[in-house]
Amino acid sequence: DDDDGGSNIGGSRHKQVWAISRAAAVSEALHWHPFEYRHVPLVKTVTPAGAVVTSVSPLSNYDGGADVVSSGRGADGDEDDVGEVARMVARDVVKEYQDVGLDGVEDDCEDEAWMAEFLSKGSNELDDRSIREREYRVWVELDKMIRLLIKATPYYQDGVPIPTQMVGLLPRRPPAPHESFPSDFTLKKFVETLVSRQDSSAPPMVGTATKSPFVHVDGEAYEDYPSLRRIQRLSFVVWTILDQIVVKKDATSADQATTGGTLSRQAILEMDSIDERLAAALSRLGQINGILGQIVVEDDY
């Protein structure tokens, strides 16, 4: 096809980049899948009445023992500017386009090296500052919501049932210009406690129907895991707790936070970007925290 919108990726560098990006996104997802999704079995139990009950954990945990190639180190374990994963994906992309007979992708070291460099930047350097900032705000508001729920409602006096798999997504440090999390930020202390127990004789296990080892995704052991993939995961799983929160200012008030807010799960899944989902989560958190803040203030008087 010609340069006016055809499928020939050899028509321009822009088309080549776009085609490579699509293929690379799939290749990267398949590469990290063993680490990102630990198998979640169905657990069947029989009640005293003879009924069969099937249980399953609502969230899949990361698998810290998964055998995946580090994205920032070569096969020999040494530091590498491009990354073994980027080179691997570049080779796969070259082969795929050759197999279907598309022009514009040459199977030589120069093209492969260029694609590997591009893919490496795509996984790490294009970590948009605004997304990191929005993620930071989501964590801060989520922590605030937990503290307000404990103060405002007797139901949560023993703690808020936040999935530990989700807490494992907390970054080790906030993005610049923030030097640290707020002084009253409790989730960081919780994560640090779990991490400190990982090398003990009884490492922390997480999950409901089934248990698996706690994984701090931004921990030193997984420092080459792309942070955008971690933030992407948060933009989806944060809704597992937001959908459970039902807060009403009083029995007659129309000012209330109802389960799921105004967004369905389908609407969340159909959002186009990480940033859009994080923005929606921030809006929902602001709604919940606004009502909880009023309740706490009224109770103080």
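This is a predicted model, so every value here is computed, not measured.

What about the overall build of the chain?
And then number 1: Summing up its helical and strand segments, the chain has 10 helices and 6 strands in all.
And then number 2: Counting the 301 residues in the chain, one finds 41% classified as buried.
And then number 3: Taking the intrachain contacts of the chain between residues at least 6 apart in sequence as the baseline, contacts between residues at least 24 apart amount to 68%.
And then number 4: Accessible surface, the chain: about 16700 Å² in total, of which carbon and sulfur atoms supply 51%.

Let's talk about the nonpolar core
And then number 1: In terms of nonpolar packing, the biggest core is built from 53 residues, with Leu142, Met145, Met166 and Leu242 touching the most fellow members.
And then number 2: When residues of this core are traced back to their parent elements, those giving at least two are α1 (13–36), α4 (129–152), α5 (164–167), α6 (187–196), α7 (227–237), α8 (239–242) and α10 (274–300).
And then number 3: Setting aside residues no more than four positions away along its own chain, Met145 makes contact with Ile241, Leu242, Ile245, Leu285, Ile288, Asn289 and Leu292.

A word on the pattern of salt bridges
And then number 1: Going through the model one piece at a time under the given rule, you end up with 9 salt bridges.
And then number 2: Arg229 serves as the salt-bridge partner of Glu36, at 2.7 Å between the closest nitrogen and oxygen. You can see Glu36 sitting in helix α1 and its partner Arg229 sitting in helix α7, a full 193 residues away along the chain.
And then number 3: Arg229 sits in the buried class, given a relative accessible area of 12%.
And then number 4: Here Glu135 ties to Arg230 by a salt bridge, and the two come within 2.4 Å at their closest N and O atoms. Residue Glu135 is found in helix α4, and its partner Arg230 is found in helix α7; the two are separated by 95 residues along the sequence. For the pair shown, Glu135 and Arg230 are each scored as buried.
And then number 5: A single salt-bridge network, built from bridges that share partners, covers Glu28, Glu36 and Arg229.

A closer look at the environment of Ser130
And then number 1: Tracing the backbone shows Ser130 in helix α4.
And then number 2: Ser130 sits 145 residues away from Asp275 along the chain, and the two C-alpha atoms are 8.2 Å apart.

Concerning the packing of aromatic side chains
How two aromatic rings sit relative to each other is given by the distance of their centres and the angle of their planes.
And then number 1: Counted under the stated rule, the structure contains 8 aromatic pairs.
And then number 2: Geometrically, the ring pair formed by Trp32 and Tyr225 is edge-to-face, given 5.1 Å between the ring centres and 80° between the ring planes. Of this pair, Trp32 sits in helix α1 while Tyr225 sits in the loop between β4 (212–213) and α7; the two residues are 193 residues apart in sequence, bridging distant segments of the chain. With respect to burial, Trp32 and Tyr225 carry one shared label: buried.
And then number 3: An aromatic cluster of at least three residues, connected via ring pairs, comprises Trp32, Phe35, Tyr62, Tyr222 and Tyr225.

Observations regarding the environment of Ser283
And then number 1: Structurally, Ser283 can be placed in helix α10.
And then number 2: Residues Ser283 and Val138, 145 residues apart in the sequence, show an inter-C-alpha distance of 9.5 Å.

Observations regarding the pairing of strand β2 (residues 52–55)
And then number 1: Pairing of strand β1 (residues 43–46) with β2 involves 4 bridges; the strand directions are antiparallel. Following the sheet pairing, Val43 is matched in β2 by Ser55.
And then number 2: With antiparallel pairing between neighbouring strands as the criterion, β1 and β2 make up a hairpin whose turn holds 5 residues, including Gly50 at a positive phi of roughly 95°.

Considering the confidence of the model for the chain
And then number 1: Mean pLDDT over the chain: 74, with 65% of residues reaching 70 or higher.
And then number 2: Mean pLDDT across the elements of the chain bottoms out in strand β6 (residues 256–257) (38) and peaks in α7 (93).
And then number 3: Per-residue pLDDT stays below 50 along residues 100–110; that stretch engages in 21 contacts with residues further than four places along the chain or on separate chains.
And then number 4: Taken together, the stretch residues 251–260 has pLDDT below 50 and engages in 23 contacts with residues farther than four places along the chain or on a different chain.

Topic: the side chain of Asn289
And then number 1: Inspection of the secondary structure assignment puts Asn289 in helix α10.
And then number 2: Looking at Asn289, the relative accessible area reads 5%, which means it is buried.
And then number 3: Excluding residues that lie within four positions of it along the chain, Asn289 makes contacts with Glu141, Lys144, Met145 and Leu148.

Some details on α7
And then number 1: Summarising burial for α7: 9 of the 11 residues are buried, a large majority.
And then number 2: For α7, the complete set of buried residues consists of Ser227, Leu228, Arg229, Arg230, Ile231, Arg233, Leu234, Ser235 and Val237.

Let's talk about the packing of α4 against α7
And then number 1: For the pair α4 and α7, the least separation of the axes is 11 Å and the interaxial angle reads 40°. The angle between the axes of α4 and α7 places the two elements in the oblique class. Note on packing geometry: the crossing formed by α4 with α7 is left-handed. Between α4 and α7, the residues in contact are Ile131, Arg132, Glu135, Val138 and Trp139 and Ser227, Leu228, Arg230, Ile231 and Leu234, respectively.

Rules behind the numbers
- Residues numbered from 1 in each chain as written.
- Predicted model: local features only at pLDDT ≥ 70, side-chain atom pairs only at ≥ 80, totals over all residues.
- Heavy atoms only, no water.
- Helix = DSSP H or I, 4+ residues; strand = E, 2+ residues; numbered from the N terminus.
- Buried < 20%, exposed > 50% of the residue type's maximum accessible area, 1.4 Å probe, protein only.
- Contact = heavy atoms within 4.5 Å.
- Areas by Shrake-Rupley, 256 points an atom, 1.4 Å probe, with all protein chains shown as cover.
- Core = buried A, V, L, I, M, F, W, Y, C linked by side-chain atoms within 4.5 Å.
- Salt bridge = Lys/Arg side-chain N within 4 Å of Asp/Glu carboxyl O.
- Phe/Tyr/Trp six-rings, centres within 6.5 Å; stacked < 30°, edge-to-face > 60°.
- Pairing = 2+ DSSP bridges.
- pLDDT = per-residue confidence, 0-100.
- Axes fitted to C-alpha atoms, helices over the stretch in contact; angles between N-to-C directions.
- Parallel < 35°, antiparallel > 145°, perpendicular 65-115°, else oblique.
- Left-handed = near helix turned anticlockwise from the far one by under 90°.

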